[in-house]
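Commentary on secondary and tertiary structure
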Amino acid sequence: MYPMRLVMAFWWSLALFWLVARELPAEQSVENPPSAQADKGWPREEAGFGQNYDEARKEAARFLAKKAAEHLRAQTPPITAWQPTPEYVEQNLFEPNSKQGPDFEYEKIVRKTWIFTVKPLDLAAIRLLDQQAARQQRSEHRTLLFAYVTGGLAVVLSVFFAYLRLDDWTNGRYRRLLQMGVAALLVAAGTGWWLWVTG
């Protein structure tokens, strides 16, 4: 039974190493950088285009959401777990006032321009949202990891019991061959599982 014990030890070591390696990055408290960092390169106005005010506002919100995501990634440290949505932009980053720009014709349709005043970014509030999003991502990752480990152990147990049944059925005549086959199968499956999860 030595090869089976070796394979089982390999699997348990693999699972424990994976769990420990994934739990090492701990959440660190980050001091908020100066507000000047948020203001640098941040637009004061955003233009939107549409046949009416609502269309123009939604288009401007889509533009600004993309700019905000890029701007947050450029912070030190970067903000990546939480991503601004157009709905967030409309509710939190547009001032109530706006001004109408020139009309223009596009594909034989007259479109209007509205220019919206943009609020400064509140990095302290956004970092809180980013930390919440990061915690949610870690929670989802742990749940997925638990499913991977449980599935891997289920495969190991299934192969182990199949080996016992075959060994019993053949009265131990092919025990050494079965042990080698099971060991090779589990090592190959474990390697493939590891590469798939970490890839």
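Data block above holds the structure.
To keep things clear, this report deals only with the structure shown in the data block. Everything numeric in this text was worked out from a predicted model, so none of it was measured.

To continue, consider helix α5 (residues 123-169). Because the α-helix completes a turn every 3.6 residues, residues three or four places apart line up on one side. Relative to the 69 Å expected for 47 residues at 1.5 Å per residue, α5 spans 68 Å between its end C-alpha atoms, a close match to the ideal helical length. Of the residues trailing α5, asparagine 171 is marked for its positive phi of about 55 degrees.

Pairing analysis gives six bridges linking strand β1 (residues 45-50) to strand β4 (residues 109-118), with the strands arranged antiparallel. By the bridge assignment, alanine 47 is partnered in β4 with isoleucine 115. In this sheet, β4 lies alongside strand β2 (residues 94-100) in antiparallel orientation, the contact comprising four bridges. Note on β4: the bridge partner recorded for phenylalanine 94 is valine 118. Where strand β3 (residues 104-106) lies against β4, three bridges are found, and the strand directions are antiparallel. Looking across to β4, one finds that glutamate 105 is bridged to valine 110. In textbook terms, the turn of a hairpin is the stretch between consecutive antiparallel strands, and for β3 and β4 this stretch comprises two residues, one of which, glutamate 107, has a positive phi near 55 degrees.

As a rule of thumb, non-glycine residues mostly have phi less than zero, and peptide bonds are mostly trans rather than cis. Note that the residue after threonine 76, namely proline 77, is joined by a cis bond; omega there is -5 degrees. Tracing the chain through its elements places proline 77 in the loop between α3 (53-73) and α4 (86-92).

On to the packing of aromatic side chains, then. Scanning the model with the defined rule gives five aromatic pairs in all. The interplanar angle of 55 degrees and the centroid separation of 5.7 Å between the aromatic rings of tyrosine 53 and phenylalanine 116 together place this pair among those described as tilted. Of this pair, tyrosine 53 sits in helix α3 while phenylalanine 116 sits in strand β4, and the two are 63 residues apart along the sequence. Here the aromatic rings of tryptophan 82 and tyrosine 88 are separated by 4.8 Å at their centres, their planes lie at 75 degrees, and the arrangement is edge-to-face. A relative accessible area of 18% places tyrosine 88 in the buried class. Grouping aromatic residues by their ring pairs yields a cluster made of Tyr53, Phe94, Trp114 and Phe116.

This part covers a nonpolar patch on the surface. Judged by side-chain polarity, Leu157, Phe161 and Leu164 come together as a nonpolar surface patch covering roughly 270 Å² of accessible area. Among the secondary structure elements, phenylalanine 161 is positioned in helix α5.

Turning our attention to the nonpolar core. Within the largest apolar cluster, 23 residues are counted, with the highest numbers of intra-cluster contacts made by Trp42, Leu64, Leu72, Val89, Leu93, Phe94 and Ile126. Secondary structure elements with two or more residues in this core: α3, α4, β4 and α5. Apart from the residues within four sequence positions on either side, leucine 93 is in contact with Trp42, Leu64, Tyr88, Thr117, Val118, Lys119 and Leu121. Counting residues in each nonpolar core, the second largest holds six residues, with Tyr163, Leu178, Val182 and Leu186 among its members.

Before going further, it helps to spend a moment on α3. Here α3 spans 30 Å end to end across 21 residues, near enough to the 30 Å set by a 1.5 Å rise per residue. Among the residues of α3, those classed as buried are Ala56, Arg57, Glu59, Ala60, Ala61, Leu64, Ala65, Ala68, Ala69, His71 and Leu72. Two to three positions downstream of the cap, the backbone nitrogen of aspartate 54 sits 3.2 Å from a side-chain oxygen, assigning the N-cap of α3 to asparagine 52.

If you trace the backbone, tryptophan 82 turns up in the loop between α3 and α4. Between the C-alpha atom of tryptophan 82 and that of leucine 72, which follows or precedes it by ten residues, the distance is 9.3 Å. For tryptophan 82, the contacting residues outside a window of four places in its chain are Leu72, Tyr88, Ile126, Leu129, Asp130 and Ala133.

The rules behind the values
Residues numbered from 1 in each chain as written. Predicted model: local features only at pLDDT ≥ 70, side-chain atom pairs only at ≥ 80, totals over all residues. Heavy atoms only, no water. Helix = DSSP H or I, 4+ residues; strand = E, 2+ residues; numbered from the N terminus. Expected span 1.5 Å × (residues − 1). Pairing = 2+ DSSP bridges. Phe/Tyr/Trp six-rings, centres within 6.5 Å; stacked < 30°, edge-to-face > 60°. Buried < 20%, exposed > 50% of the residue type's maximum accessible area, 1.4 Å probe, protein only. Patch = residues over 30% accessible without salt bridge, like charges linked within 9 Å, V, L, I, M, F, W, Y side chains within 5 Å. Areas by Shrake-Rupley, 256 points an atom, 1.4 Å probe, with all protein chains shown as cover. Salt bridge = Lys/Arg side-chain N within 4 Å of Asp/Glu carboxyl O. Core = buried A, V, L, I, M, F, W, Y, C linked by side-chain atoms within 4.5 Å. Contact = heavy atoms within 4.5 Å. Polar contact = N/O pair within 3.5 Å; in protein donor to acceptor, adjacent residues only side chain to side chain.

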